[in-house]
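Letter by letter, the chains look like this.
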Amino acid sequence: MYSTDLRTDQEKKSADPQVLDDAKLWDTFQSRIDNGDVIEAKDDMPEKYRQTLIRQISQHAHSEIVGQLPEGNWVTRAPTLKRKLILLAKIQDEAGHGLYLYSAAETLGRSRDDMVADLLSGKAKYSTIFNYPTPTWADIGTIGWLVDGAAVTNQIPLCRCSYGPYARAMVRVCKEESFHQRQGYEIVTVLAQGTLAQKALAQDSLNRFWWPSLMMFGPSDSASTHSSQNMKWKIKRHSNDELRQRFVDATVPQAEFLGLSIPDADMRWNEERGSYDHGEINWDEFWAVIKDGGICGKDRIRARRAAAKDGQWVRAAAHAYAQKQETKERVA
Ligand code: BYC
C-alpha cells in the first residue's frame, strides 16, 4: 500500500538487470564496496546484490513478525502484572523491527504487500526457531536469553552492512534486542535461583531451545550457499560458524553461573583455540523444519493469515485516509 521505493521511473528502467550486470559495473561496484562505501537506495547496484538483500531483509522482517507468536502465547498467562507489561513491550518492539525491515527492503523496489504475500503463501522463509513451541513460562525467559542473544550476536555486524538502509535499521534493533536478552536472562535467573521445580523448568527449557538457537546462525559454512558472495559484498561480515562460535563462547559461562547444564555431552573448553568445542548440530532437523515447518509452522502461517484478514479493514481505512489527505494537499 505505502511504498518506500525511492527510485524514479527512469531510475527503475535503468536498473534493468542486464544493464547493471555488465562486467564493468560489477567491478566499479565491487571497488566501492572494497573502499568501504555505504550503498544507498538510489545508487547503481548489481541486480544480484539487490535481490540478495531483498531476500535476506524480507526473511529477517518475517522472522520479527512471526517471532511475536511464540511469546504472544504467554501474554495472558504471565505470572505478574509487571511481567506482562514487560512481555507486551518486548513483543511490540518485535513488531517495530518488522516494520523498519519491510521499509528497508522496500527501498530496493519490492512492495511490502508482495513480501507479506510471499509469507502468507508459505513461499518465504523465516527463522526456524519460531517453529518451536513455548509450552512453559520458562520458555519466555529462554527466548530472551538465547534467541535474542543469538539474534544480537548475528545482528551487531549487520550494523556495518554495506547497504545503508539495512545497516541503519539494525542500530536501533540491536539496542532493543540487547535489552530483550537481559530481560530473558533475568527471568531465567529468578527461576534458576527459585524452588527445585522452578529450576527444573528452566533446565527443561534450555534443553529444548539450545540446539534450535544454534541453528539460527544458518547452515555450517561448508553448506552455506550465500556466505562467500555476501561476505565479498560486505552484507555479511562474519561467517555463520564464526558467529555461532561467538554465541557459544558467550553463553556457556552464563549457563554455568546459573547452575544450568548445556545439553551437549561434547561441550568442552579448548585451551588451544581459547573457545568451546561443541557437539554436532542435527542438520537433518534444521532442513526438515525449513522444508515442512516443524511442530508449529502450520499454526504460525494460519495465525498470520488470520491477522492479515482481520486487519484488512484497518489497512483499507488508512489507505482511504491517506488518499483523502493527498487530494486535500493537491487542491490547497
Ligand atoms: N531459518 O547460505 P545461507 C529475532 C536459509 S528475529 C530459516 O547461510 P545467508 C526475534 C537461508 O535463508 C532475527 N532459514 O544464507 C524476533 C538460505 O535460504 P534461501 C532473525 C535459514 O542468508 C522475535 C539457506 O538457508 N534474524 O531476533 O547467507 C522474537 C542457506 O543459508 C536459516 C535474521 O533474520 C534459519 N535459521 O545466511 C525474538 C538475521 N538459516 O533463501 C527474536 C538476518 C539459513 O537461499 N539474516 N537459512 O533458500 C542473516 O543474517 C542471514 O540471512 C542468515 C543466513 C545468517 C540467517
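Residues numbered from 1 in each chain as written. Predicted model: local features only at pLDDT ≥ 70, side-chain atom pairs only at ≥ 80, totals over all residues. Heavy atoms only, no water.

Colleague: Would you mind going over the overall build of the protein in detail, with residue names and values included?
Modeller: Regarding its fold elements, the protein presents 15 helices and 2 strands. By the compact-globule yardstick of 20 Å for 332 residues, the protein fits well, its C-alpha radius of gyration being 21 Å. When the backbone C-alpha atoms are referred to their principal axes, the protein occupies close to 70 × 50 × 35 Å. Across the 332 residues that make up the protein, the buried fraction comes to 48%. Counting only contacts in the protein whose residues sit at least 6 apart along the sequence, the fraction spanning at least 24 positions is 77%. When the accessible surface of the protein is split by element, carbon and sulfur atoms take 55% of a total near 17000 Å². (Helix = DSSP H or I, 4+ residues; strand = E, 2+ residues; numbered from the N terminus. Rg over C-alpha atoms; globule rule 2.2 N^0.38 Å. Buried < 20%, exposed > 50% of the residue type's maximum accessible area, 1.4 Å probe, protein only. Contact = heavy atoms within 4.5 Å. Areas by Shrake-Rupley, 256 points an atom, 1.4 Å probe, with all protein chains shown as cover.)

Colleague: If you had to explain the side chain of His 97 to someone new, which residues and values would you point to?
Modeller: With respect to the helices, strands and loops of the structure, His 97 is situated in helix 6 (residues 81-106). If near-sequence neighbours (up to four positions away) are discounted, His 97 is found in contact with Glu 64, Val 173, Glu 176, Glu 177 and His 180.

Colleague: Can you explain the site of the ligand? Please cite residues and give values.
Modeller: Close to the ligand lie 36 residues; Gln 59, Lys 125, Ser 224, His 226 and Lys 236 are nearest. Contacts to the ligand include Ser 224, whose side-chain N or O atom sits 2.7 Å from an oxygen atom. Contacts to the ligand include His 226, whose side-chain N or O atom sits 2.5 Å from an oxygen atom. For the ligand, whose unbound accessible area comes to 1100 Å², protein coverage reaches 91%. Elements that contribute at least two residues to the shell around the ligand include exactly helix 4 (47-66), helix 6, helix 8 (138-155), helix 9 (164-192), helix 11 (227-232) and helix 13 (283-292). The element that contributes the greatest number of residues to the shell around the ligand is helix 4, accounting for 6 residues. For the shell around the ligand, the per-class residue count stands at 11 nonpolar, 16 polar and 9 charged. (Near = heavy atom within 4 Å. Polar contact = N/O pair within 3.5 Å; in protein donor to acceptor, adjacent residues only side chain to side chain. Nonpolar A, V, L, I, M, F, W, Y, C, P; charged D, E, K, R; others polar.)

Colleague: So what about the packing of helix 8 against helix 10 (residues 196-215)? Which residues, and what values?
Modeller: In the contact formed by helix 8 and helix 10, the axes pass within 9 Å of each other and the chain directions differ by 30°. Put simply, helix 8 runs roughly parallel to helix 10. As for the relative orientation of helix 8 and helix 10, their crossing is right-handed in sense. Mapping the contact onto sequence places Ala 138, Asp 139, Thr 142, Ile 143, Trp 145, Leu 146, Val 147 and Ala 150 in helix 8 and Leu 201, Ala 202, Ser 205, Leu 206, Arg 208, Phe 209, Trp 210 and Ser 213 in helix 10. Of the residues contributing to the contact of helix 8 with helix 10, the split by class is 11 nonpolar, 3 polar and 2 charged. (Axes fitted to C-alpha atoms, helices over the stretch in contact; angles between N-to-C directions. Parallel < 35°, antiparallel > 145°, perpendicular 65-115°, else oblique. Left-handed = near helix turned anticlockwise from the far one by under 90°.)

Colleague: Now, about the pattern of salt bridges: what can you tell me, with residues and values included?
Modeller: Summed over all chains, the structure comprises 17 salt bridges. With its nearest N and O atoms 3.0 Å apart, the salt bridge here joins Arg 32 to Asp 37. On the basis of relative accessible area, Asp 37 is assigned to the partly exposed category, the value being 30%. We note a salt bridge from Arg 110 to Asp 118, for which the minimum N-O separation is 3.0 Å. One salt-bridge network, held together by shared partners, links Glu 71, Lys 90, Glu 94 and Asp 148. (Salt bridge = Lys/Arg side-chain N within 4 Å of Asp/Glu carboxyl O.)

Colleague: Pulling in residues and values, what's your account of the packing of aromatic side chains?
Modeller: For any pair of aromatic rings, the description consists of the separation of the ring centres together with the inter-plane angle of the planes. This structure, assessed with the given rule, holds 10 aromatic pairs. The interplanar angle of 65° and the centroid separation of 6.1 Å between the aromatic rings of Trp 74 and Trp 137 together place this pair among those described as edge-to-face. Taken as a pair, Trp 74 in the loop between helix 5 (68-72) and helix 6 and Trp 137 in the loop between helix 7 (112-120) and helix 8 lie far apart in primary sequence, 63 residues in all. Of the residues examined, Trp 137 reaches a relative accessible area of 11% and is grouped as buried. Arranged with centres 6.0 Å apart and planes meeting at 20°, the rings of Trp 210 and Phe 247 form a pair that is stacked. Pair noted here: Trp 210 is in helix 10 and Phe 247 is in helix 12 (residues 240-258), with a separation of 37 residues, a long-range link. Take Trp 210 and Phe 247: they sit in the same class, and that class is buried. (Phe/Tyr/Trp six-rings, centres within 6.5 Å; stacked < 30°, edge-to-face > 60°.)

Colleague: Can you explain the environment of Thr 52? Please cite residues and give values.
Modeller: On the secondary structure map, Thr 52 appears in helix 4. The exposure class assigned to Thr 52 is buried, which follows from its relative accessible area of 13%. Placed 221 residues apart in sequence, Thr 52 and Arg 273 show a C-alpha to C-alpha distance of 33 Å. Non-local contacts of Thr 52, meaning those with residues more than four positions away in its chain, are made with Asn 230, Trp 233 and Ile 235. Polar side-chain contacts of Thr 52 include one of 2.8 Å to the backbone oxygen of Lys 48.

Colleague: Quick one: what's the story with unusual backbone geometry, residue by residue and with numbers?
Modeller: Phi angles above zero are rare outside glycine, and Lys 234 is one such case at about 60°. Note that Lys 234 resides in the loop between helix 11 and helix 12.

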